Amino acid sequence: MSKLVSILLPTHNGADRIKEAMASVFGQFYDYWELLVLDDGSVDDTKQIVESLAKDDSRVKYIKNETNLGIQKALNKGLREAKGEYIARIDDDDVWIDKDKLKKQVEFLDKNKDYVLIGTGVIVIDENKKELFRYLPPQEDNEIRNKILYKNCFTHSSVLFRKNVAFEFGGYSEDPNVKHIEDYDLWLKLGTMGKFANLRTYSIVFTQRGGAISAKNRVVQAKRSLYVIKKFKNKYPRFFRGYFITLIKLWFFAARKMIPISEKMLSKFKAQYKEF
């Protein structure tokens, strides 16, 4: 029997970009899913667009927060509403390009009960749809564990994970110290309960937006990464390597605030460390 997948799509004023994300979900060959659009206080036309796209598809559920609560609370609200055994994530500006993405991942978790989280490779583009680079993350559990404290080995829009294991930890942490890296924090929690894997396929297109929160607050995010890494120092190998590399990132982004660094150099740095 097919397993229901609950897809969490958080958005805030995403009217100009959410159509492609939703279309890529509708295009999946594995069709036993529900899509939870988590509108976190949008004041644009997001509601009208979602309702228009979903008018003939009862699998789409639109959940609106009247005020902006933040992505951590929005995702947890989605987890509580989710009916699926498995959880997938997609952001409003990302696209699933492999129509068999869900099918492959569901089959993997069905066959491998000791695995809790599976991701895929990613194609990174800019806001003008220009490809910046491609990234195939480590595939095997041992390799992922050896790197995960200095490199997030999962892009959030690529993953599928077990809902019951996420609930063991209360879902996404709402600790302000992990804001905007709440996915990374959850992956590390999940990995204490089971194995990791990545498919060697380019299943998603990830948009690297210059105006995104992650681009504006790199220094803050590096500091938060240090906080998370220290939390898991006894759970994963190579803690000191992870801490040192994250310090380098922190210094780099701090220097960028004071010293002009070309976008070409910055793209090379991002490609090297694959921090999305």
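Above this text is the structure in question.
Caption draft 1: Looking closely at the overall build of the protein chain. Of the regular secondary structure elements, the protein chain holds 11 helices and nine strands. In the protein chain, buried positions account for 57% of the 276 residues. Of the contacts made within the protein chain by residues no fewer than 6 positions apart, 80% connect residues no fewer than 24 positions apart. When the accessible surface of the protein chain is split by element, carbon and sulfur atoms take 51% of a total near 12900 Å².

Caption draft 2: Geometry of the side chain of Ser173. Residue position: Ser173 is located in the loop between α6 (163-168) and α7 (182-190). The exposure class of Ser173 is buried, given its relative accessible area of 14%. Contact partners of Ser173, with chain neighbours within four places excluded, come to Gln72, Val178, Glu182, Asp185 and Lys189.

Caption draft 3: Molecular detail of helix α1 (residues 18-26). Buried within α1 are the following residues: Ile18, Ala21, Met22, Ser24 and Val25. Projected down its long axis, α1 carries its buried residues within an arc of 155 degrees, all on one side. Buried positions along α1 lie against β1 (5-11), β2 (33-40), α2 (46-54), β3 (60-65) and β5 (95-96).

Caption draft 4: Focus on the side chain of Asp126. Its location among the elements puts Asp126 in the loop between β6 (115-125) and β7 (131-135). One buried charge, Asp126, has no salt-bridge partner; the nearest side chain with opposite charge is Lys130, at 5.7 Å. Among the polar contacts listed, one links the side chain of Asp126 to the backbone nitrogen of Asn128, at a separation of 2.9 Å. The residues touching Asp126, leaving out its near neighbours within four places in the chain, are Leu132, Thr207 and Gln208.

Caption draft 5: Molecular detail of the nonpolar core. Ranked by size, the top nonpolar core spans 34 residues in total, and within it Val5, Ile7, Leu35, Leu102 and Leu160 carry the most contacts. Excluding its chain neighbours within four sequence positions, the residues that come into contact with Leu35 are Ile7, Leu9, Met22, Val25, Arg59, Val60 and Lys61. Listed in part, the 33 residues of the second largest apolar core include Ala82, Val165, Val178 and Ile181.

Caption draft 6: Representation of the pattern of salt bridges. Following the criterion strictly, the structure yields 18 salt bridges and no others. Linking Lys103 and Glu107 is a salt bridge whose minimum nitrogen-to-oxygen distance equals 3.0 Å. Taken together, the residues span about one helical turn, with Lys103 and Glu107 both in helix α4 (residues 101-111) at a distance of four residues. Residue Glu107 is classed as partly exposed on the basis of its relative accessible area of 33%. A salt bridge links Asp185 to Lys231; its shortest N-O distance comes to 2.8 Å. You can see Asp185 sitting in helix α7 and its partner Lys231 sitting in helix α9 (residues 218-231), a full 46 residues away along the chain. Judged by relative accessible area, which is 0%, Asp185 ranks as buried. Among the charged side chains, a salt-bridge network with shared partners connects Lys3, Glu85 and Asp110.

Caption draft 7: Broad picture of the environment of Arg209. Mapped onto the secondary structure, Arg209 falls in the loop between β9 (195-207) and α8 (213-216). The spatial distance from the C-alpha of Arg209 to the C-alpha of Asn128 is 9.4 Å, given a sequence separation of 81 residues.

Caption draft 8: Representation of unusual backbone geometry within the structure. Phi is positive for Lys129, which is not a glycine, with a value near 70 degrees. Mapping Lys129 onto the fold places it in the loop between β6 and β7. Accessibility expressed as a relative area gives 55% for Lys129, which makes it exposed.

Basis of the calculations
- Residues numbered from 1 in each chain as written.
- Predicted model: local features only at pLDDT ≥ 70, side-chain atom pairs only at ≥ 80, totals over all residues.
- Heavy atoms only, no water.
- Helix = DSSP H or I, 4+ residues; strand = E, 2+ residues; numbered from the N terminus.
- Buried < 20%, exposed > 50% of the residue type's maximum accessible area, 1.4 Å probe, protein only.
- Contact = heavy atoms within 4.5 Å.
- Areas by Shrake-Rupley, 256 points an atom, 1.4 Å probe, with all protein chains shown as cover.
- Arc of directions from axis to C-beta.
- Lys, Arg positive; Asp, Glu negative; His and termini not counted.
- Salt bridge = Lys/Arg side-chain N within 4 Å of Asp/Glu carboxyl O.
- Polar contact = N/O pair within 3.5 Å; in protein donor to acceptor, adjacent residues only side chain to side chain.
- Core = buried A, V, L, I, M, F, W, Y, C linked by side-chain atoms within 4.5 Å.

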